[in-house]
Amino acid sequence: MSKWVLKGLQTGIKTTSYPGREELASGVSPGLPGGKKESGDEALPVISRCPTRALSQAGQQIRVDYRRCIHCFRCLRGVQGAVDWNSGYEWAASMITSDETTPKFGKVFGRSLHILFVDGGACGACLSELEQINKPFYNIHRLGFFITPTPRDSDVLLVAGPVTDHMRLPLQKAFASMPTPKRVLAVGACALSGGIFGPSFASEAGVSKSIPADIGVPGCPPPPLAIIHGLLLAVSRKPSASLTFSGSVDGRKNS
Amino acid sequence: MERLLHDTVSLNNLSEEIALRWPEQVRVNPDLQNGLCRMECEASVLTEVCSWLFSKMGYSFASLIVEEEPAEFPLRYIFYGDLENGQVHILHRILKTKATVPSISHFVHATDWHEREAEDLFGLVFEDHPRLGDFVLHEEWPEGVNPMRIDFDASKAYVHREVNPYWRPVRIVQAPGAFMMPIGPIYSDFAESAHFLLETVGEDVIRTIPRFFYKYRGVEKIAEGRTIDQVLLLAERFSGTSAFAHSLAFCQAVEEISRVEVPPRAKALRIFLAELERLRHHVASIASICGSTALAVATSQAIILEEELLRLCCALTGHRYLFGLNTPGGVVMDFTNETLRKLVDTAQGLFKKLEELKEMLRFSSSFLDRLEEVGTVSSESAVSYGLVGPVARASGINRDLRRVLPYSGYEKVEFIIPCEQEGDGYARLRILFSEAEQSENIIRQVASSLPSGPILSPPFAVPRGAALGWAEAPKGATFHWVRTAEDGRVVRYRVTPPSFTNWHGFHLAAEDFAFQDFPIIMATFGLSNAESDR
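Residues numbered from 1 in each chain as written. Chains lettered and ligands numbered in written order. Predicted model: local features only at pLDDT ≥ 70, side-chain atom pairs only at ≥ 80, totals over all residues.

### Thoughts on the sheet that holds strand E2 (residues 36-41) of chain B
Residue and element names in this part refer to chain B.
Working step 1: Spatially, five strands are ordered E1-E2-E5-E4-E3 in an open sheet, and the strand pairing comes out mixed. Each having just a single partner strand, strand E1 (26-31) and strand E3 (60-66) make up the two edges of the open sheet. Going from strand to strand, the sheet's axes swing by 20 degrees on average, the running direction of each strand aside.
Working step 2: Here E2 pairs with strand E5 (residues 87-95) via five bridges, running parallel. From the neighbouring strand, Leu36 faces E5, where its bridge partner is Gln87.
Working step 3: The sheet contacts of helix H4 (residues 112-122) involve E3 and strand E4 (72-80), and relative to E3 the element is tilted by about 5 degrees. (Pairing = 2+ DSSP bridges. Helix = DSSP H or I, 4+ residues; strand = E, 2+ residues; numbered from the N terminus. Axes fitted to C-alpha atoms, helices over the stretch in contact; angles between N-to-C directions. Contact = placed C-beta atoms within 7 Å.)

### Some thoughts on the domain arrangement of chain A
Residue and element names in this part refer to chain A.
Working step 1: Domain annotation for chain A reports domain 1 (32-86) and domain 2 (93-234).
Working step 2: On a C-alpha basis, the centres of domain 1 and domain 2 stand 27 Å from each other.
Working step 3: Per-class residue counts for the side of domain 1 that touches domain 2 are four nonpolar, two polar and two charged. (Domains from an automatic or database assignment. Nonpolar A, V, L, I, M, F, W, Y, C, P; charged D, E, K, R; others polar.)

### Re the interface of chain B and chain A
Working step 1: Tallying the contact residues gives 54 residues for chain B and 49 residues for chain A.
Working step 2: At the level of elements, helix H6 (228-237), helix H9 (296-317) and helix H19 (529-533) of chain B are the ones that each hand at least two residues to the side of chain B that touches chain A.
Working step 3: Looking at side-chain class alone, the side of chain B that touches chain A contains 28 nonpolar, 15 polar and eleven charged residues.

### Observations concerning the confidence of the model for chain B
A low pLDDT means the predicted coordinates there should not be read in detail.
Working step 1: Overall, the predicted model of chain B reaches an average pLDDT of 87, with 98% of residues at or above 70.
Working step 2: Reported for the predicted complex are a pTM of 0.91 and an ipTM of 0.88. (pLDDT = per-residue confidence, 0-100.)

### So, the packing of helix H1 (residues 2-11) of chain A against H9 of chain B
Working step 1: Across the interface, H1 of chain A lies against H9 of chain B with an axial gap of 9 Å and an inter-helix angle of 35 degrees. The chirality of how H1 of chain A crosses H9 of chain B is left-handed. Within the contact between the two elements, H1 of chain A uses Trp4, Lys7, Gly8 and Thr11 of chain A and H9 of chain B uses Val297, Ala298 and Gln301 of chain B.
Working step 2: Split by residue class, the contact of H1 of chain A with H9 of chain B holds three nonpolar, three polar and one charged. (Left-handed = near helix turned anticlockwise from the far one by under 90°.)

### Here's the deal with the sheet that holds strand E7 (residues 145-147) of chain A
All names here are of chain A.
Working step 1: Here six strands make up an open sheet; going across it, the order is E5-E10-E9-E8-E6-E7 and the pairing mixed. The sheet is open, and its two borders are formed by strand E5 (93-94) and E7, each paired with just one other strand.
Working step 2: Where strand E6 (residues 113-119) meets E7, three bridges bridge the pair, whose relative direction is parallel. Following the sheet pairing, His114 is matched in E7 by Phe146.

### What about the pairing of E4 of chain B?
If a strand is regular, its side chains alternate between the two faces of the sheet.
Residue and element names in this part refer to chain B.
Working step 1: Here E3 runs beside E4; their pairing, made up of six bridges, is antiparallel. In the sheet register, Ile65 faces E4, and the bridge partner there is Arg76.
Working step 2: The pairing of E4 with E5 spans nine bridges and is classified as antiparallel. Note that in E5 the partner of Arg76 across the bridge is Leu91.
Working step 3: Between the antiparallel neighbours E4 and E5 lie six residues, among them Gly86 with a positive phi of about 55 degrees.

### Focus on H1 of chain A
Working step 1: Among the ten residues in H1 of chain A, zero count as buried, and that is only a small part of the element.
Working step 2: Remark: Gly12 of chain A follows H1 of chain A within two positions and exhibits a positive phi of approximately 75 degrees. (Buried ≥ 20, exposed ≤ 12 C-beta atoms within 10 Å, placed from the backbone.)

### Considering unusual backbone geometry
Working step 1: Here the amide bond leading from Thr180 of chain A into Pro181 of chain A is cis, since omega sits at -5 degrees, within 30 degrees of zero.
Working step 2: Residue position: Pro181 of chain A is located in the loop between helix H4 (168-177) and strand E9 (183-187).
Working step 3: Residue Pro221 of chain A is reached from Cys220 of chain A by a cis peptide bond, and omega for that bond is -10 degrees.
Working step 4: Despite not being glycine, Phe213 of chain B shows a phi value in the positive range, around 65 degrees.
Working step 5: Among the structural elements, Phe213 of chain B can be located in the loop between strand E10 (204-211) and helix H5 (219-222).

### Observations regarding the domain arrangement of chain B
All names here are of chain B.
Working step 1: With domains assigned, chain B is organised as domain 1 (2-127) and domain 2 (222-522).
Working step 2: For domain 1 and domain 2, the distance between their C-alpha centroids amounts to 27 Å.
Working step 3: Taken together, the 15 residues of domain 1 in the interface contact 16 residues of domain 2.
Working step 4: Among the secondary structure elements, those contributing two or more residues to the side of domain 1 that touches domain 2 are E3, E4 and H4.
Working step 5: When the residues that make up the side of domain 1 that touches domain 2 are grouped by side-chain class, the tally is eight nonpolar, four polar and three charged.

### Points about the packing of helix H15 (residues 425-448) of chain B against helix H18 (residues 518-525) of chain B
For any two helices packed against each other, one specifies the inter-axial angle together with the distance between the axes.
Residue and element names in this part refer to chain B.
Working step 1: As a packed pair, H15 and H18 sit with axes 9 Å apart at the nearest point and diverge in direction by 35 degrees. Crossing handedness for the pair H15 and H18: left-handed. Contacts between H15 and H18 involve Gly425, Arg428 and Leu429 from the first element and Ile520, Ile521 and Thr524 from the second.
Working step 2: Considering only residue class, the contact of H15 with H18 consists of three nonpolar, two polar and one charged.

### A closer look at the pairing of strand E3 (residues 61-64) of chain A
Residue and element names in this part refer to chain A.
Working step 1: On E3, burial follows the alternation: Ile62 and Val64 on one face are buried, whereas Gln61 and Arg63 on the facing-out side are not.
Working step 2: The sheet contact formed by strand E2 (residues 55-58) and E3 spans four bridges and is antiparallel. Paired with Ser56 across the strands is Arg63, a residue of E3.
Working step 3: Taking the residues between adjacent antiparallel strands as the criterion, E2 and E3 are bridged by two residues, where Gly59 takes a positive phi near 65 degrees.

Right, dumping it as structure tokens:
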């Protein structure tokens, strides 16, 4: 089996230098609409093209609700007065207000964080991106983050998908079995707002309808770097993104 | 004699043959121009006609489409055959007051899950079906609540009934020391939500009972009343890893309803992007097979290739999973021939690395030991269950929609459909490698002979109508049935994804195996629950 060892060595290090340095390779993120400062009369046609009502008009500006954006590019391609496009990936933002009573993660969690994943009806793209964070290009082990098989050992719950009717109970049970302090990361547009699926008879309008979600990672699907940003935010190694989670889909106050 | 019949009857004389056999009970209406034969069939001979088509004529079952009209349920049984045999649509109408249909799953086993689904979601009774009841909807949904019926309000959450929390499955294996091992729906990895009950006597698993639809999002129901543009999003995003293939099938159905011709350049670009998706999908599947055998370096190698392909897709189209490209009438983005040629060169480089990986795996005996003769599906079972895609082609079924029902200009592309006979895990892996090779080959062909011209047909309104769209998705054949109203909104949307078809046959492979082989059988099937559950 020495040929495999050799092959591994020949391949060298592929891992991104994020969060130490910014990842500059092309194609790591689809980007998000950045809204528009001065839009004038062209605003309405652009806003009306948005299929998920993520865009809204605030005075002269077009604002974006990042929980709803699914990168359909309808506000960018084939339209007059397209929105500005943000090509970053540090999108994760806190979904709770500072007076929340949940205990905070102590410093000790910073480099030893155990993660459980629950699929609440994700389409497969989120799953594929999550798969990548544990693999050579993104490798979360180097950051002290580990995937764990049981809720009893986990500190962070990653949830993708709108939370289907049939997954609500397993999700609530998994959350209840986790020791405190704990955090819930809602990964992707479906998990944040129900996306194009919820709310309906078969799915919820996102994770926070079933269990309290602390951090949201927008994107459809969020690229691996955005998910890693969410995990770093959970242990306070990165600040929250300055994205507006404006308005409210679930009645909670947002920062 | 039977063999002869199969060879001599093609779509041209199929209607005569049927008229001869069932002159009274079947009304045939061939539509040779579109390569299909429509017929309306009475209940008394429904089973007979379907099983004749399936077992004597060599047709494969594609889908059962149930619709709802004020007084009736029209049921459409869709079959497809080889190139010259086209499609057969059998229409059977039942009165709403009766709502009973003869079950054909005894003879055409591929319809089994379709009938169970229709029973659960529409409340139809399939006479003599051995196993109806909780399928899509789990036990907290009372019998008699049928969400696909028109009068069901899909916008509100349904209030469940109380169920016994100590739910116990029915045990089938009765042997000393036999017990049931539950797996899922939450796993230790980034696996999808699904539940399996492994009936075992210790080390050897005797049979596997799957329990699915944890991810049921009611895509077909919530599509009703939405515009084409909104349903396109659902078609694209209900299964994110085969988004392009599904959106293509949906767009083709809408184009068929509207009688719109797609410009040649758009057709070629669609083939290009669909094959790019297939290449990436197969690399990811290969990675998960390597992962299931705990061959770490090989997994990493394949995952590196997958990520590089994802980045390539994103650099080209703006999205890593090719979302937002298809639209009824063509594609929304054009690329310069230069860009595409450059991409082909990069893809070729990646493909060379994939070939190297294949050669290394081929000579890793510890790896092959885990795959060979594991999860075997015989050719007869594969035919009987109507399996599709790489899983079927590893069991000797040489049927691929790109070849038998060519769409989007595939008839002009040269490629081989790889086929293996063994039907085991290793055969499925070899198919993935060979198909990836063919995809790379097609990408190169298309990029070198791209027609010029527009990429989108002139704007059009969608009239009232219904049509079937199909595509060979990375996991196999997918069929999208779309019916629109006068205002262009969707009134019925039915998807038959390849994972739904193949999960039905999964238990064939998951019988009499050792515990540690379970992840390997799962990985070599390479199915998606998101795609199956919808």
